[in-house]
Every structure is written in C-alpha cells, then in structure tokens.
Amino acid sequence: MFRRHVAWRVFIEEVKRSRYVHEEEADGKTIRYLVSPFGALINRVFFVGTVTDVIESKERKSIKARISDITGVISIYAGEFQPDVYTFLKLLENEPTIVMLTAKIRIFEPEEGRKIPIIRPEWIKKAKLSDRNAWIIDVASSTIERLNYVRKIAENYGGELTDDVLMDMQIPFHYWKPLKLTFSYYTPEEILKEIEDYKALLADSLGYISDMMKLEIEEIEVEVEEPESEEEISPTEEYFEEEAFEKSKPSLEKIIIEAIKELDQGSGASWNAVVDHVHKMTGTSREVIEEVIEDLLTRAEIYEVSRGRLKAFS
C-alpha cells in the first residue's frame, strides 16, 4: 500500500538552500526528494505564513501566490487538479492573509544545474497570528536539533555513515536516512559553512519573533503571579484604563500605518524603526505599539513583506 510521506516542518529558506534531488523507486513510482544540507529529506512540507500577490492565469487555468515566513518568500501554485486550493487563493483577492498549508514539492529543472522547487498545496486554510508563532517555535526547535546532529557528524566523522556509527552517536533513528543522504550529497566542509550562515539567519529571525512575543509571555506571567502588595489597581481604575486605550487605539493605528508608509523605501519598513518612530511621536509605550501592530497584522490591514519588515496598503 502506498504511504504518504511525512510533511516536514521547515522554514522556507531551508527549502531554497536544498540544492540536490534524490530519486528512488517505491510502490512502482519514482519518488523525488529535496536533500537539505541540514539533514532533511523533503517530499512534502507543512508551512504557516502570509500569502500575498495572488495572480490568476485564466488561459492556463492556474493560480500563483507568494507565501512568506520569517526567513524568506517562495511561490505556491494551484491548478485544476487542486480546485479547493484554487478557489481559496482566488477568493483572497490579494489581501495578505496568514494561512497554514500542506504541500507537495515538485522539482522544475529549466537547465542543467538549476533546480526550482514548485510548491503545490494539497490543502490550505486561514490561520491566526498565534498559530504562526507556535509554528515558528516548533520549526525552530526541530531545526536546531537537526543542526546539532549534522554539525556533530561533520566535525567528528569523515567516513561512511553506517547504522552502527549513528547509533554510537546517539542520533534518533528517524534521522538516519535523511542524514545518510545529506552526507552523500554534501561534503562536511560545505555543510559546516551552510550551518554557520544559516545559524546567523535563524538568530536574526528568532530574535525578531521573540521581541514580538514578549508581551504575550509577560501577560501569561502576570496571570499566575501572586499580589505583591495591597496597592493594586482597582477593577474600576483598570476598566477606565482599558477603555481609554481602546478609545485611543484607532488614532494610534492610523499613526502606525502612516509611519510604515513614511519609513518604507521600497522593501518595507523595519519593525523596530516603526516602533521607535511612533514611540517618539506619541510617547506611547513600545509594548502597546507592538500590540497594535500585531492586531493590524492579524486583521491583515498591514503585512510583512519579509521577516521584520512591514508594508501598508497604498
């Protein structure tokens, strides 16, 4: 019986860095995998990101869109054989929308030595900002784990990767096949160089997302804290503070959107620059500004063109 391959949870940049294709026969079919330099063997993927720039081709009966995560942007495609995905993307009408999707990866080779991954969603649905943040944490955790295993092998072993070697290194069984293929296509020197470069990218990306989530974490901590003194804000005072914030929110949203437009030189406005700019203009705390930006993203009134860079609609 034909078994569907596991959908890898990887960042877009890892897909784009995977330069080799491995083929093997299974159940009378030729299966093609992207071989990542970081120990992933990718046939299907699970992404959570922001979809933008939906373009329909009525002649070809196909639709193309861009999906971005904190590491990069890649194109996704749907045609007459994916009617549900096709209809979903068509109805977005170019409104940036956070989605989750499972997709099959096809490899297009327009010329020798050049490989382009074609992402064809099998299913897709809308997601929330909290879904995206949870996905980022999950993917980051598993990616860092794989990077550690790959680096351990690249730095300490130069021979053939046998089951006994991998067992002695205490590497989980489900990574054995991907790691063997990674080291059959990439040299240890190539892998270590890729790891250093990718590690810097991840540190930058995860630093950005951790800044975004500080407020959420602080709120959770406040909920479980015991009162330290009797000088607490009364329910009535708390109500009026919240009411005042809600009343000021629309004007703050407008200021943030205008700041994004003003600071955008074509590639989007830096998240931190927008926060600093609005803080200096209004005196509003950075935490409140961050919260309003997240709310604007959730409602798709602004969107991320790439990690940490915001755009507003004209």
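Just above sits the structure.
Draft legend 1. Broad picture of the packing of aromatic side chains. Enumeration over the complete set of coordinates arrives at seven aromatic pairs. Here Phe-38 and Tyr-198 contribute two aromatic rings whose centre-to-centre distance is 4.6 Å and whose plane-to-plane angle is 15°, an arrangement assigned as stacked. Residue Phe-38 is located in the loop between β3 (29-35) and β4 (41-42), and its partner Tyr-198 is located in helix α6 (residues 188-224); the two are separated by 160 residues in the primary sequence. Exposure remark for Tyr-198: the relative accessible area of 0% places this residue in the buried category. Measuring from ring centre to ring centre gives 5.7 Å for Tyr-149 and Tyr-175, while their planes differ by 55°; the resulting arrangement is tilted. Of the two residues, Tyr-149 sits in helix α3 (residues 129-156) while Tyr-175 sits in the loop between α4 (163-168) and α5 (176-185), which places them 26 residues apart along the sequence. For the pair formed by Tyr-149 and Tyr-175, the shared burial category is buried.

Draft legend 2. Summary view of unusual backbone geometry. Positive phi values are uncommon outside glycine, yet Asp-53 reaches one of about 50°. Examined against the element boundaries, Asp-53 turns out to sit in strand β5 (residues 44-57).

Draft legend 3. Broad picture of the pattern of salt bridges. Using the criterion set out here, one finds 18 salt bridges in the structure. Taking the shortest distance from any N to any O, the salt bridge between Arg-17 and Glu-194 comes out at 2.9 Å. Taken together, the residues Arg-17 in helix α1 (residues 12-17) and Glu-194 in helix α6 connect sequence positions 177 residues apart. Across this residue pair, the class does not change: Arg-17 and Glu-194 are buried. Between Glu-122 and Arg-44 there is a salt bridge, with its nearest N and O atoms 2.8 Å apart. One end of the pair, Glu-122, is in strand β9 (residues 114-126); the other, Arg-44, is in strand β5, and 78 residues separate them in sequence. Overlapping salt bridges bring together Glu-13, Arg-17, Arg-19, Glu-190, Glu-194 and Asp-197 as one network.

Calculation criteria
Residues numbered from 1 in each chain as written. Predicted model: local features only at pLDDT ≥ 70, side-chain atom pairs only at ≥ 80, totals over all residues. Heavy atoms only, no water. Phe/Tyr/Trp six-rings, centres within 6.5 Å; stacked < 30°, edge-to-face > 60°. Helix = DSSP H or I, 4+ residues; strand = E, 2+ residues; numbered from the N terminus. Buried < 20%, exposed > 50% of the residue type's maximum accessible area, 1.4 Å probe, protein only. Salt bridge = Lys/Arg side-chain N within 4 Å of Asp/Glu carboxyl O.

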